[in-house]
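Notes for the structure review
This is what each chain is made of:
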Amino acid sequence: MKQLVTILLLFISFLGFGQSVSAPDSKSFLQSTTAQDASGFILSGFSSTATLLASISLVEFPTGTTFVLNTTTGLTAASGFTLSGNKTRLVITGTMTSINTALASLKINTGSVVGNVKLSVAATINPTGFYYNGVNGHFYKPVTAGTTYTGARAASLLTTFKGQTGYLVTITSASENAFIFANVPQANIWFAATDEVVDGRWVIDAGPEKGTVMKTSNGQTAGNIVGVYNNWAGGEPNGYNHSEDYAVTNWNGQSTWNDLSNNWSNPYIIEYGTWTNPDDATFTEFYTNSVSHSNGEVLTAKFNFDFGSNVDETKFSTKANRYVNNLWSTTTNTSRAISGLGKVDITNDLDTAKVSGGGTKASTTSGQIEWCVIYNYDVTNQRYRIGIDSREVSGILSDPSTISNLQLFDLWNGPVTFNSYDPNGWTEVYVYTQTQFNFSGSSFASNIRSGNGFYGLQAEFTFSPIQSYKQHGIDIIANSQTELNTLYSSIVTVTDVYLAFKELANGGLFGNESGNEFTSGIQFMNADVDGNRLFNEADTYKLLQYLTGVQPLTQYPALTYLMKLHSKSDYDAITKSNWKTQFIATRSLFPFSLNTGALNNTYNVNVTWVGDVNLSHSAQQSVSGVTTNSVRSMSVKTNSVSNEVNALIMGEIIGNKVIVTLSLDPLQQEVVGTQFQLNYDNTALKFEKVEFITKGSPTNFGTNRGSSIMLGSLITDGSTTLDKTTEYKIIFTPLNGINSMLGLTSISNTEAVNKNGIQLKVKIN
Amino acid sequence: MKIIKIVAFFLIVLSFSCTKMDIEPLPLPTTQKIFSVSESKVTDGQDIYFDLPSSGVYILAFIDIETGQVISREKFNGKSGENIKKIYTKSIISKYLYLTLSSEDNAQISKTKLTLN
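Summarised in this report is the structure supplied together with it. Source: prediction; values computed, not measured.

Scanning chain A from terminus to terminus reveals 11 helices and 48 strands. Burial statistics for chain A: of 765 residues in total, 50% are counted as buried. Here the analysis covers contacts within chain A between residues at least 6 apart in sequence; of these, 71% occur between residues at least 24 apart. Counting only carbon and sulfur atoms, one obtains 50% of the accessible surface of chain A, whose full area is about 33,600 Å².

Shown next, in the form of structure tokens:
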């Protein structure tokens, strides 16, 4: 039995699970234009035979905005609404199919005022015995069985509907009064208004407005409170015999009100919903969705930067740039911070002035001669080949190849690809489209002749330069050069260097076994630190020089020499075989185009770094077959490595020296590289040297960076390992006499790498 | 002239009375034993006072509270009774540390929390 109940419940929940309202993507409407397409709302998951109740509303809109449904077949307007005409709100009933058909014909009419146009659609199965008021978004349930006022008031509160507790209906507006009068045919219906406390002082007696004083004296209009709705019959309320304390509407079948005593047995209405705006409704099983369009060209540019998981994006900000006269310059001085999620919106910084240079648009007007031919649709290539008689072009358009846009009556208005120009024949372009032209439905059918394998168009052509937005760029700025230096120190570390050596060594004698260590083309790109599109010994040498402090990896430590920016799609397309042909240079300015045809533009940009061979601080590629490198480099943020080795730090004043000893305990790891950053107080200590106690012949390094020593060892070929005897003694001379040294030196970033190129966490004991 | 002086006096009094008082944690009293309190605010070069049970080799260490890593350690010869040592903070990146006192064989004797100024 239990199982049966469970299955039943699952089935019931399943039935309700798929019902939804989906909304279209945002778009921008033209100002002061009627009948612009606003389709895209779709109801789904409802029973095809069920009658649904749907509400379409403009939630936010500039003055002058309305909508209209061009197709209303099978629909019924809810009480108080009509199907035809321009509206800001419409409530309808019908099947899912008929409502979807209507929503597909949804058009927006705009005025001259620019602003957001938020459209909302809500739907539910039209409940039997309830009426929906689209003005306030409340449901009303008439109860025809007669009862006293106090009985009706109490009984209403015991009911719930779609998650809302009921209350005796309140009437707070003329439209609500008209709604009730139109939908509930009974006379003398109790509603929540009483003067039972003070005779003649009528107050709303239920719902969200409970306690609101409606009037202070009996009499049709006497004592009516301004701004509070009253609709009493002539001479009412009269408080007859001091016992008529309760209100009814539809008095004697009219739409006005009267006061009656509690011993009347009248029908009543239960109201559900406490909000004043239908879009705030919280009914259960009441499905809603909305979209924010805009009226007028509100061009947006939003960025999602993917820095990978070990970089704090908030350490960077951006500035918008545009490219004019072969120079980049900032559009404004405004600097926009990148959020912790890598997001930044530079919409307000765009230079939206258009310039010529986007090609030429060819447009038709009705003519007498067939200057244009459209060949039959090429199904294979999904395109039309279109010829314009070159006599229409010659002498008018200096360069026909600039034709990039074409308007052919109402058949097509959009981009084209130039094909060829024959001054004595045709100027040909291609229209790529998956939807074939509607020749028979064209309003210009009289100008179109169907030939054998082509259509001839009686049309004249005009040509106009296409205005386009300037090339834009977003410039990333490090908020602090010091922090950038610290970050970059943690990006290129001993693991990167060892991994580069390992990949190079395993490339084989002829290099044809390359790619055994690197799993991604991005690694090759980053390991090619000299940027010559070749990863070779010169690069590993430079990496080693950098690690050992002999020379910096890049010409300057500025961001533009360190960072690499790629669109996410470009980044994902970089492979081990094609990386050499991709854009591989460093840059901190990412160019982007606003001429996308869309007004709402979002750009996804991936970040990586020169020298980040193990991609510890880089975006991951989202392509199959590229495995995530498990290594993580030193970082100010939390690392997630599981492999660990130990090291011990001990400081001591011996004679006139401060000596800090770092001892390695590799535990079970085959350690081939170590790296430690020992910070020191350079106002109190002078660095002397590092003494290395290491077995084999590793490359040992100890570089003074002014206030820190970068030290460690690297066995580039992995032929031997660093064992428990590995020790580093860092020797300082105090600048003044001291008898304590705690805190004069401190260890911060540490790292080790094992024979397999896996980064190891160093636990300092 | 006298009126000007009176006005100036009141202005000075008024300006002091309107100055916001910042309530800062009190620095460690100069002779307060560092391990006798659970938490202290310290500055670079500050003397710390602590008692040792006997003369011998001891170890002071800074441990980063966030990472649990030892970041600085000093081995020293201590004397029985009160000892005075300086601690330095300029090389330290972290703000919150534990200060531990251990014997030469690394057995912890005392521990307290430090906030670097």
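So much for the structure itself; the text now carries on.
Of regular secondary structure, chain B possesses one helix and seven strands. Of the regular secondary structure in chain B, the N- to C-terminal order runs α-β-β-β-β-β-β-β. Sorting the 117 residues of chain B into buried and exposed places 38% on the buried side. For chain B, the proportion of contacts with a sequence separation of at least 24, taken over those separated by at least 6, is 58%.

Attention now goes to the interface of chain A and chain B. Taken together, the contacts link 26 residues of chain A with 22 residues of chain B. A combined buried area of about 2,000 Å² lies between chain A and chain B, and 52% of that area is made up of carbon and sulfur atoms. Among the residues of chain A in contact with chain B, M650, S740 and L742 of chain A are the three that bury the most area, contributing 33% of the side total. Between the two partners, chain A and chain B, sit zero salt bridges. At the boundary of chain A and chain B, one finds 19 residue pairs in polar contact (both at pLDDT 80 or more). Per-element accounting of the side of chain A that touches chain B gives the leading share, six residues, to strand β40 (residues 644-654) of chain A. Its residues assigned to classes, the side of chain A that touches chain B shows 12 nonpolar, 11 polar and three charged.

Residues and elements named next belong to chain A. Axis separation between helix α7 (residues 494-505) and helix α9 (residues 537-547) bottoms out at 10 Å; the angle between their running directions is 160°. Taken together, α7 and α9 sit at an angle that is classed as roughly antiparallel. As α7 runs across α9, the sense of the crossing is left-handed. Here V494, V497, A500, F501 and L504 of α7 come into contact with α9, specifically with E537, T540, L543, L544 and L547. Residue composition of the contact of α7 with α9, by class: eight nonpolar, one polar and one charged.

Next up on the list: helix α2 (residues 96-104) of chain A. Residues of α2 of chain A that are buried: M96, S98, I99, N100, A102 and L103 of chain A. Contact partners of the buried residues in α2 of chain A: β4 (42-44), β5 (52-60), β6 (66-69), β8 (89-94), β9 (106-109) and β10 (115-125) of chain A.

Let us now look at the sheet that holds β8 of chain A. Within a sheet, each strand pairs with its neighbour through backbone hydrogen bonds, oriented either parallel or antiparallel. Residue and element names in this part refer to chain A. In spatial order, the strands read β2-β22-β10-β5-β8-β7; together these six strands make up an open sheet with mixed pairing. Sheet topology places β2 (28-29) and β7 (76-77) at the edges, where each strand pairs with a single neighbour. Looking at chain direction, β5 and β8 are connected through six bridges and run antiparallel. Residue pairing across strands places S57 opposite R89, the latter belonging to β8.

Further remarks concern helix α6 (residues 481-491) of chain A. Restricting attention to buried positions, one finds in α6 of chain A the residues L484, L487, Y488, S489, S490 and I491 of chain A. At the N-terminal boundary of α6 of chain A, the capping side chain belongs to S480 of chain A, with an oxygen 3.3 Å from the backbone nitrogen of T482 of chain A.

Let us now look at the pattern of salt bridges. All names here are of chain A. For the structure on display, the rule yields 19 salt bridges over all chains. A salt bridge links K470 to D351; its shortest N-O distance comes to 2.8 Å. Here K470, found in the loop between β35 (454-469) and β36 (472-478), pairs with D351, found in the loop between β27 (343-345) and β28 (354-375); they are 119 residues apart in sequence, far enough to count as distant. Under the relative-accessibility criterion, K470 is labelled buried at 14%. Its salt-bridge partner being E691, residue K689 comes within 3.1 Å of it at the nearest N-O pair. Given the relative accessible area of 33%, E691 is considered partly exposed.

It is worth spelling out the sheet that holds β6 of chain A at this point. Taken in spatial order, the three strands make up an open sheet running β3-β9-β6 (chain A), and their pairing is antiparallel. Taken across any chain shown, the strands that pair with only one partner, and hence form the sheet edges, are β3 (36-37) and β6 of chain A.

Turning our attention to unusual backbone geometry. Residue and element names in this part refer to chain A. Put simply, E236 and P237 share a cis peptide bond, and its omega is -5°. Looking at where P237 falls in the secondary structure, it is placed in the loop between β18 (213-215) and β19 (246-249). For L615, which is not glycine, the phi dihedral falls at a positive 55°. Within the element layout of this structure, L615 appears in the loop between β39 (600-609) and β40. Take L615: its relative accessible area is 17%, and that puts it in the buried class.

Here we come to the nonpolar core. Residues and elements named next belong to chain A. By size, the foremost hydrophobic cluster in this structure holds 115 residues, and its most contacted members are F303, F305, F316, F592, W609, I730 and F732. Considering every element that reaches this core, the biggest residue donor is α7, with six residues. In contact with F732, not counting residues within four places along its chain, are N656, K657, V658, V660, L678, Y680, L685, K686, F687, E688, I709 and T745. In terms of nonpolar packing, the next biggest core, distinct from the first, is built from 58 residues, A102, V117, F130 and W190 among them.

Moving on to the packing of aromatic side chains. Residues and elements named next belong to chain A. If you walk through the whole model with that rule in mind, you get 50 aromatic pairs over all chains. Taken together, a centroid distance of 4.9 Å and an interplanar angle of 55° make the contact between W202 and W232 tilted. A residue pair is termed long-range when its members are at least 10 positions apart, and W202 in strand β17 (residues 202-204) and W232 in the loop between β18 and β19 qualify at 30 residues. Taken individually, W202 and W232 each receive the classification buried, so the pair is uniform in this respect. One aromatic cluster in this structure is built from F303, F305, F307, F316, Y488, Y546, F592, Y603 and W609. It is K141 that lies over the ring of F130; its NZ or CZ is 5.0 Å from the centre. The residue whose ring lies beneath R587 is F583, and the NZ or CZ to ring-centre distance is 4.0 Å.

Rules of the game
Residues numbered from 1 in each chain as written. Chains lettered and ligands numbered in written order. Predicted model: local features only at pLDDT ≥ 70, side-chain atom pairs only at ≥ 80, totals over all residues. Heavy atoms only, no water. Helix = DSSP H or I, 4+ residues; strand = E, 2+ residues; numbered from the N terminus. Buried < 20%, exposed > 50% of the residue type's maximum accessible area, 1.4 Å probe, protein only. Contact = heavy atoms within 4.5 Å. Areas by Shrake-Rupley, 256 points an atom, 1.4 Å probe, with all protein chains shown as cover. Buried area = accessible area lost by both parts, 1.4 Å probe. Salt bridge = Lys/Arg side-chain N within 4 Å of Asp/Glu carboxyl O. Polar contact = N/O pair within 3.5 Å; in protein donor to acceptor, adjacent residues only side chain to side chain. Nonpolar A, V, L, I, M, F, W, Y, C, P; charged D, E, K, R; others polar. Axes fitted to C-alpha atoms, helices over the stretch in contact; angles between N-to-C directions. Parallel < 35°, antiparallel > 145°, perpendicular 65-115°, else oblique. Left-handed = near helix turned anticlockwise from the far one by under 90°. Pairing = 2+ DSSP bridges. Core = buried A, V, L, I, M, F, W, Y, C linked by side-chain atoms within 4.5 Å. Phe/Tyr/Trp six-rings, centres within 6.5 Å; stacked < 30°, edge-to-face > 60°. Lys NZ or Arg CZ within 6 Å of the ring centre and 35° of its normal.

Geometry only, nothing functional implied.
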